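Chain and residue survey
Residues per chain, in single letters:
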There are 4 protein chains.
Amino acid sequence: MHMTYTAAVAGATGYAGGELLRLLLGHPDFQIGALTAGTSAGTRLGEHQPHLAPLADRVVADTTPETLAGHDVVFLALPHGQSAAIAEALGPDTLIVDCGADYRLADAGVWEKFYGSPHAGTWPYGLPELPGARAALTGAKRVAVPGCFPTVSTLALAPAVGAGLVEPDVVVVAATGTSGAGKSLKPNLLGSEIMGNVAAYNIGGVHRHSPEIAQNLGAVAGQAVTVSFTPLLVPMPRGILATCTAKVKPGVGEEQLRDAYLKAYGDEPFVTVLPQGQLPTTAAVLGANTVQIQVAFDEAAGRAVVVGAIDNLTKGTAGGALQCANLALGLPEPAGLSTVGIAP
Amino acid sequence: MHMTYTAAVAGATGYAGGELLRLLLGHPDFQIGALTAGTSAGTRLGEHQPHLAPLADRVVADTTPETLAGHDVVFLALPHGQSAAIAEALGPDTLIVDCGADYRLADAGVWEKFYGSPHAGTWPYGLPELPGARAALTGAKRVAVPGCFPTVSTLALAPAVGAGLVEPDVVVVAATGTSGAGKSLKPNLLGSEIMGNVAAYNIGGVHRHSPEIAQNLGAVAGQAVTVSFTPLLVPMPRGILATCTAKVKPGVGEEQLRDAYLKAYGDEPFVTVLPQGQLPTTAAVLGANTVQIQVAFDEAAGRAVVVGAIDNLTKGTAGGALQCANLALGLPEPAGLSTVGIAP
Amino acid sequence: MHMTYTAAVAGATGYAGGELLRLLLGHPDFQIGALTAGTSAGTRLGEHQPHLAPLADRVVADTTPETLAGHDVVFLALPHGQSAAIAEALGPDTLIVDCGADYRLADAGVWEKFYGSPHAGTWPYGLPELPGARAALTGAKRVAVPGCFPTVSTLALAPAVGAGLVEPDVVVVAATGTSGAGKSLKPNLLGSEIMGNVAAYNIGGVHRHSPEIAQNLGAVAGQAVTVSFTPLLVPMPRGILATCTAKVKPGVGEEQLRDAYLKAYGDEPFVTVLPQGQLPTTAAVLGANTVQIQVAFDEAAGRAVVVGAIDNLTKGTAGGALQCANLALGLPEPAGLSTVGIAP
Amino acid sequence: MHMTYTAAVAGATGYAGGELLRLLLGHPDFQIGALTAGTSAGTRLGEHQPHLAPLADRVVADTTPETLAGHDVVFLALPHGQSAAIAEALGPDTLIVDCGADYRLADAGVWEKFYGSPHAGTWPYGLPELPGARAALTGAKRVAVPGCFPTVSTLALAPAVGAGLVEPDVVVVAATGTSGAGKSLKPNLLGSEIMGNVAAYNIGGVHRHSPEIAQNLGAVAGQAVTVSFTPLLVPMPRGILATCTAKVKPGVGEEQLRDAYLKAYGDEPFVTVLPQGQLPTTAAVLGANTVQIQVAFDEAAGRAVVVGAIDNLTKGTAGGALQCANLALGLPEPAGLSTVGIAP
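- Looking up chain A in an unreviewed UniProt entry gives the name N-acetyl-gamma-glutamyl-phosphate reductase, with the organism given as Catenulispora acidiphila.
- According to the UniProt record, the Catalytic activity (unreviewed entry) comment for chain A is "N-acetyl-L-glutamate 5-semialdehyde + phosphate + NADP(+) = N-acetyl-L-glutamyl 5-phosphate + NADPH + H(+)".
- Recorded in UniProt for chain A, the comment headed Subcellular location (unreviewed entry) runs: "Cytoplasm".

What follows is the structure in structure tokens.
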């Protein structure tokens, strides 16, 4: 007999919700329960997610504690600020995996500065590859899924920062596909504006993922880490490529850097340190739960240069969420997740 | 009576050559003479540059000193290493504007390290917006057109570096469209590989434009400047967006930074410091000779963040070349060049 | 002394309006007067059209007869249904060039069926390359600029239809870039949905440009022409490629077809029948006012296959509008218009 | 105990080969044996297919009968003309699934006209959804996988043609992503040329898939069917959208058309006739083995308009091949194939 868990997805008509459903459809241990949304409640899912053929005729319900109740797992893919009420109503026995930001930051002051609303609290942070994280997630009933930029930036920098090979002062420039912005109807997200165009946004350290990266690296380093983070919007639907640099400490060279990465990720199923000479590409991880990493040493600049690639919707959101749900439920961590991308 | 100059273009079937011809077709003071190329000599230009309708039936000649002789101006858009022989054969009275790298670097040792061939020499560097450059280009008979990445990176950083507002240690991550790689038939440049994909390349300070940026900023700073440069290949045909950061010196804030840029570029016809709140985009400068710049101060990271956008083929190559040719010939600097982009 | 005309643009913040302004900025005989819009009145044009640097600080006015009054020419780039009131208020002496649909169709019943509103009337149809059109446009005070699909489809088929070489029953499948849909904030126009995706829309003959193509070809043929028209939305910002086929009449072959096209367009400045072996591409006409055409004969299918390419915003809208304004005002027809595209 | 079959893939470094491997990695009943190629023999697969992480360290062998021998199934993704020698050497007991063209056409004269080489023969045609095809494929030892355009065009037209609802004279215009052209290093396939560009190619009925479509529809109709086929190259890596029209016979309307499609495909696992109002998109079937179809009736033109979408590499090549292999081996037809796409 095969036990399955029931899973509800709140925010099922958006991009994160769609990716959760795509992965759940291929997961052997889940049955898909309620699909909920805001304004599109009452419509067929097929109108919003035409690629999810097996769910095309499912009708989208309202996102309420009632529609989400009665499932083993509830995945939240909602705007920030909406998770607390749902979590409270569902009670402590339901596994809640929040793809939103509400429970990611530990420092209430930082939360309020960047999000402009009261701090909801802090849940176990869903990046199993960080030191100590896997244990905290095993059997958890609440998971805060990391932001997409923090996922790749943290994993790209953690080994060097954690091993003390670089100064605690990093620069991250990360190019993202447009799905990271969700389905918001903004003029600058129209296809006509996006194609043939690259722009930076939220420059000067004001992107909400900046403090999250700093929090993660600070924990790894055991000291405060300064982060300069600039996101770029590039003309592709999916993927993030993060270029991360930091001054190396005296005497550190390429070999020590490379060793730190191989040691940190040698046993990780979803982090690949590429062979020398091969560089990460977002295309290679499209639809996969993989992080591809390459590290180099720029002797003239005295800097480590680490490049990381993920699919922002898979490892960066829904895949990461599922990986955590597997851990929380005691399932094999890689269940329902693939390291095979779709290319070209 | 309207005097016109005759111009030859070597490398007329490539992307830089095509952009030179597009601009020359709209320039009131030039007549287009010989169009030359390597393996495609003997073919119609229309086969290679179908967008240059008025030149469609012109036959491409071989690139030799003979075919290029007898023009007032010769634009070279050739692989590096080929300029010296042509320059010598044409003699000192022909204006030669070299879009290649041969004469950009002053330090022979650096040249040899990055290009692996003997140093040809140094010509006046064709970035009129740099201090002193305009004077050196006026009436010149030889011009070394800057590389595309150095054009935007240098202009994005020069005011802050030159005014001593930041440490002489900069990080540049620059996303480029694919035309920067030319028409090379490499698998990674195929449309199937490019679309939906972002990759870094030449990481760790090995890109040939790294020392050129360092040379420019060093001259501006009056001291050595350390440059960490990482190029990204993004899915669009044209454009570069450079994200440049450097630690600010104690006491420096946003206002001083902004003032330095407004002061440096207030009278420049082709550099626009955008109003606060507006960010550079490559789409806005497509086909224009403009550099768009925005500057911000990241207080938490203690860094100036400067973003610059250009069209790599226009201001980054052919437009910059024409701007220099105008100066060299005593024509109005903006002749034949536009600040109007094509969008969307 | 150089006489210039003043031109106002209504709908200046949209894509058609932006292209009108781009072309007017390069036109020697126009001075740009009022720029008007709907909800964005009161804002800087630079917020909406960052590529039009020389107009960045112009403030957008409301679209009203008052703001548009007092110009020699008024270009309308408005949703349909708004032209009549403006035209009436401006009076018969102002040249009004309407890029909208209001005055294109002669048959009121057809108009009402496809547009669902009362018929405004019929103005001279702005496709100078059609038989008789140039004369009607010369000195006109009112011009109805053709739709983008009708422009290329009509020009691609008119010679064959007009010479009676094909049956009056044509099939057109036309792939368009996204700017044809304007800046409408619809989910299916988001970059995330557009990139990597092709879709047909308005299938089954319901697109509003179907009767316009039929009207044009009917006039050329001197008999009713049946049109099957299917538009495709493809992932690029600009351009239309129309594939047009019709059964040839008995005895007709490739040579007769080709001759008809060369004869029809031999003297046209903006229509290029490509040499055999070369095919139209939208990239080759980007930003140009050119129509590229190639014609072939499919012997097995007994069909003429004609492919046409235009830039939907240039020859398909704003360039066509300017070409007509030139004719109406007695200026050289090609003034301010280019046959040089921007590529790659 | 779980029996698995061993599968070799010839042409493993190309796009079709890569997609075969992607699907085989997810198929429960196959073990991947030899991976072979031409010039890249001896290299790591990871260099060519970085998305196939589990196979990254496999070394590519030469494509020879010896390397391919000893497998239960051999998938061929080779240039045409190479299959016969391999098939002969492997003997009649190995299941050979040929993704190339060699054995698709029944008429040797047609083959020679379009391919310019001797006809190899005819194998069971791998489009299970065609009448009678499933039976012929069950237990087969040889399969000719259809071309990508014929797959979607045939399935889009077969019900209308087969039910005699339309005239045997069809027009197909099909827009394809660039992976259909393989990894050929041709200038027109460079990213710089592809992005922002649409072009038709092989116009006038000369594309090699024309006679294949005619053969398929002729078999369905029981009479010769005339096909006008024009392929378009559009800027996306994957996907085909085919727009197919034909004159309806007197008295036929939308309802009869729709009924014919629902009847033909009601039980097909991989063909979806979309609900009215929803249109096929290539994005919705990316990576899926699905054909999406919509049908409409253009009353004014008297034509049925059928739009079909597939992923050219999945249902159009590798997915179709695997579906046939499943039938040939007696496995469940949908094993290892998904109806869930990856979007956005």
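1. Side note on the overall build of chain A
- If you tally the helices and strands in chain A, you get 11 helices and 13 strands.
- Over its C-alpha atoms chain A spans a radius of gyration of 19 Å, differing by no more than 12% from the 20 Å that the globule rule assigns to 344 residues.
- Along the first, second and third principal axes, the C-alpha atoms of chain A reach 60 × 45 × 40 Å.
- Taken across its 344 residues, chain A has 64% of its residues classed as buried.
- Look at the contacts in chain A between residues 6 or more apart in sequence, and 70% of them connect residues 24 or more apart.
- Of the charged side chains in chain A, 18 are positive and 27 negative; the average position of the first set lies 2 Å away from that of the second.

2. Some remarks on the relation of the copies chain D and chain A
- With an RMSD of 0.0 Å, the operation that places chain D on chain A is a rotation of 180 degrees combined with a shift of 0.0 Å along the axis. On this basis, the relationship between the two copies can be described by a two-fold rotation axis. Every residue of chain D has its C-alpha some distance from the rotation axis, and the shortest such distance is that of Gly196 of chain D, at 3.8 Å.
- Mapped onto chain A, 100% of the interface residues of chain D are again interface residues, and the two copies thus contact each other with one and the same surface.

3. What about the UniProt feature "active site" (unreviewed entry) in chain A?
Residues and elements named next belong to chain A.
- Sites flagged by UniProt as "active site" (unreviewed entry) map to Cys148.
- On the secondary structure map, Cys148 appears in helix α7 (residues 148-162).
- Classification of Cys148 as buried rests on a relative accessible area of 12%.

4. Regarding the relation of the copies chain A and chain B
- Placing chain A over chain B gives an RMSD of 0.0 Å and needs a rotation angle of 180 degrees, together with 0.0 Å of translation along the axis.
- A shared binding surface is used by both copies, with 100% of the interface residues of chain A retained as interface residues in chain B.

5. Describing the interface of chain A and chain B
- Across the boundary between the two partners, chain A contributes 43 residues, which contact 43 residues of chain B.
- Note that Asp169 of chain B is salt-bridged to Lys247 of chain A, the shortest N-O span being 3.1 Å.
- At the boundary of chain A and chain B, one finds nine residue pairs in polar contact (both at pLDDT 80 or more).
- Of all the secondary-structure elements, those providing two or more residues to the side of chain A that touches chain B are β7 (166-176), β8 (199-200), β9 (226-233), β10 (240-248), β12 (291-298) and β13 (303-310) of chain A.
- In terms of residues, the side of chain A that touches chain B owes the most to one element, β9 of chain A, which gives five residues.
- Partitioned by chemical class, the residues of the side of chain A that touches chain B number 24 nonpolar, 14 polar and five charged.

6. Observations regarding the sheet that holds strand β4 (residues 73-76) of chain B
- The strand order across the open sheet formed by six strands is β3-β2-β1-β4-β5-β6 (chain B), and the pairing between neighbours is parallel. The two strands at the open ends of the sheet, each matched to only one other strand, are β3 (61-62) and β6 (142-144) of chain B.

7. So, helix α4 (residues 83-90) of chain B
All names here are of chain B.
- Among the residues of α4, Ser83, Ile86, Ala87 and Leu90 are the ones counted as buried. Taken down its axis, α4 places every buried residue within 100 degrees of arc, on the same side. Seen from the buried face of α4, the exposed residues on the opposite side, beyond 90 degrees, are Ala85 and Glu88.
- Of the surrounding elements, those touching the buried residues of α4 are α3 (65-68), β4, β5 (95-98) and β6.
- Gly91 occupies a position one or two residues after α4 and carries a positive phi of about 85 degrees.

8. As for the environment of Ser117 of chain C
Residues and elements named next belong to chain C.
- Among the secondary structure elements, Ser117 is positioned in the loop between α5 (108-115) and α6 (133-137).
- Look at Ser117 and you get partly exposed, because its relative accessible area is 21%.
- A sequence separation of 75 residues divides Ser117 from Gly42, and the C-alpha atoms of the two residues are 30 Å apart.
- Residue contacts for Ser117: discarding those within four places in its chain leaves His80, Trp111 and Glu112.

9. Description of the domain arrangement of chain A
All names here are of chain A.
- In terms of domain boundaries, chain A breaks down into domain 1 (5-146 + 315-329) and domain 2 (149-312).
- On a C-alpha basis, the centres of domain 1 and domain 2 stand 24 Å from each other.
- With 28 residues of domain 1 in contact, the opposing surface of domain 2 contributes 32 residues.
- Each partner contributes to the roughly 2,300 Å² buried at the junction of domain 1 and domain 2, and carbon and sulfur atoms together form 53% of this total.
- The largest per-residue losses of area from domain 1 upon contact with domain 2 belong to Tyr15, Phe114 and Lys315, which jointly make up 30% of the total buried on that side.
- For the pair domain 1 and domain 2, the number of links is three salt bridges.
- In this structure, the salt-bridge partner of Glu19 is Arg238, at a minimum N-O distance of 2.6 Å.
- Joining domain 1 to domain 2, the criterion identifies 18 residue pairs in polar contact (both at pLDDT 80 or more).
- Among the elements of the structure, α1 (15-25), α5 (108-115) and α11 (314-329) are those that each provide at least two residues to the side of domain 1 that touches domain 2.

10. Focus on the interface of chain D and chain A
- Taken together, the contact between chain D and chain A spans 28 residues of the former and 28 residues of the latter.
- Carbon and sulfur atoms supply 64% of the area that chain D and chain A bury against each other, a total of about 2,100 Å² over both sides.
- Contact with chain A buries area across many residues of chain D, yet His51, Ile342 and Pro344 of chain D alone supply 31% of it, more than any other trio.
- Counting the contacts that link chain D with chain A gives zero salt bridges.
- Remark: the boundary between chain D and chain A carries seven residue pairs in polar contact (both at pLDDT 80 or more).
- Here the side of chain D that touches chain A gets four residues from one element, more than from any other, and that element is helix α1 (residues 15-25) of chain D.
- Of the residues assigned to the side of chain D that touches chain A, the class counts are 16 nonpolar, eight polar and four charged.

11. Here we look at the pattern of salt bridges
All names here are of chain D.
- Counted by the stated rule, this structure contains 36 salt bridges over all chains.
- Between Arg134 and Glu268 there is a salt bridge, with its nearest N and O atoms 2.7 Å apart. With Arg134 in helix α6 (residues 133-137) and Glu268 in the loop between α10 (254-265) and β11 (271-273), this residue pair connects regions lying 134 residues apart in the sequence.
- Across the pair Arg134 and Glu333 runs a salt bridge whose closest N-O atoms are separated by 2.7 Å.

12. Focus on the pairing of strand β4 (residues 73-76) of chain C
All names here are of chain C.
- By the alternation rule, side chains of β4 split into Val73 and Phe75 and Val74 and Leu76, which are all buried.
- Note that strand β1 (residues 5-10) and β4 share four bridges and pair parallel. Along β4, the bridge assignment pairs Val9 with Phe75.
- This β-α-β element, β4 to helix α4 (residues 83-90) to strand β5 (residues 95-98), shows right-handed connectivity.

13. A closer look at the sheet that holds β1 of chain C
Residue and element names in this part refer to chain C.
- Taken together, the six strands give an open sheet; going across it, the order is β3-β2-β1-β4-β5-β6, and neighbouring strands pair in parallel fashion. Two strands bound the open sheet, and with one partner strand each, they are β3 (61-62) and β6 (142-144).
- Packing of helix α11 (residues 314-329) onto the sheet brings it into contact with β1, β2 (30-37), β4, β5 and β6, and relative to β5 it is tilted by some 160 degrees.

14. Some remarks on the state of the cysteines
- Under the criterion given, the structure shown has zero disulfides over all chains.
- Here Cys244 of chain C is not disulfide-linked; the sulfur of Cys148 of chain C is the nearest cysteine sulfur, at 13 Å.
- This cysteine, Cys99 of chain D, is not joined by any disulfide, and Cys324 of chain D carries the nearest cysteine sulfur, 9.2 Å off.
- Accessibility expressed as a relative area gives 10% for Cys99 of chain D, which makes it buried.

15. A word on the packing of α1 of chain D against helix α11 (residues 314-329) of chain D
All names here are of chain D.
- Viewed as axis vectors pointing N to C, α1 and α11 meet at an angle of 50 degrees, and their least axial separation amounts to 9 Å. Taken together, the axes of α1 and α11 lie oblique to each other. Crossing handedness for the pair α1 and α11: right-handed. For the pair formed by α1 and α11, the contact residues are Ala16, Glu19, Leu20, Arg22, Leu23 and Leu24 on the first element and Thr314, Thr317, Ala318, Gly319, Ala321 and Leu322 on the second.
- Its residues assigned to classes, the contact of α1 with α11 comprises seven nonpolar, three polar and two charged.

16. Quick look at the environment of Glu66 of chain C
- Within the secondary structure, Glu66 of chain C is located in helix α3 (residues 65-68).
- Remark: the alpha-carbon pair of Glu66 of chain C and Leu90 of chain C, spanning 24 residues in sequence, is separated by 8.5 Å.

17. A short note on the UniProt feature "domain: Semialdehyde dehydrogenase NAD-binding" (unreviewed entry) in chain A
- UniProt annotation of "domain: Semialdehyde dehydrogenase NAD-binding" (unreviewed entry) refers to residues 6-138 of chain A when read in the numbering used here.
- Helix makes up 30% of residues 6-138 of chain A and strand makes up 17%, while its end C-alpha atoms are separated by 19 Å.

About the cut-offs
- Residues numbered from 1 in each chain as written.
- Chains lettered and ligands numbered in written order.
- Predicted model: local features only at pLDDT ≥ 70, side-chain atom pairs only at ≥ 80, totals over all residues.
- Heavy atoms only, no water.
- UniProt positions renumbered as here; feature names shortened; annotations may be inferred.
- Helix = DSSP H or I, 4+ residues; strand = E, 2+ residues; numbered from the N terminus.
- Rg over C-alpha atoms; globule rule 2.2 N^0.38 Å.
- Buried < 20%, exposed > 50% of the residue type's maximum accessible area, 1.4 Å probe, protein only.
- Contact = heavy atoms within 4.5 Å.
- Lys, Arg positive; Asp, Glu negative; His and termini not counted.
- Charge placed at Lys NZ, Arg CZ, Asp CG, Glu CD.
- Least-squares fit on C-alpha atoms with pLDDT ≥ 70 in both.
- Salt bridge = Lys/Arg side-chain N within 4 Å of Asp/Glu carboxyl O.
- Polar contact = N/O pair within 3.5 Å; in protein donor to acceptor, adjacent residues only side chain to side chain.
- Nonpolar A, V, L, I, M, F, W, Y, C, P; charged D, E, K, R; others polar.
- Pairing = 2+ DSSP bridges.
- Arc of directions from axis to C-beta.
- Domains from an automatic or database assignment.
- Buried area = accessible area lost by both parts, 1.4 Å probe.
- Right-handed = clockwise from strand over helix to strand, strands pointing away.
- Axes fitted to C-alpha atoms, helices over the stretch in contact; angles between N-to-C directions.
- Disulfide = S-S within 2.5 Å.
- Parallel < 35°, antiparallel > 145°, perpendicular 65-115°, else oblique.
- Left-handed = near helix turned anticlockwise from the far one by under 90°.

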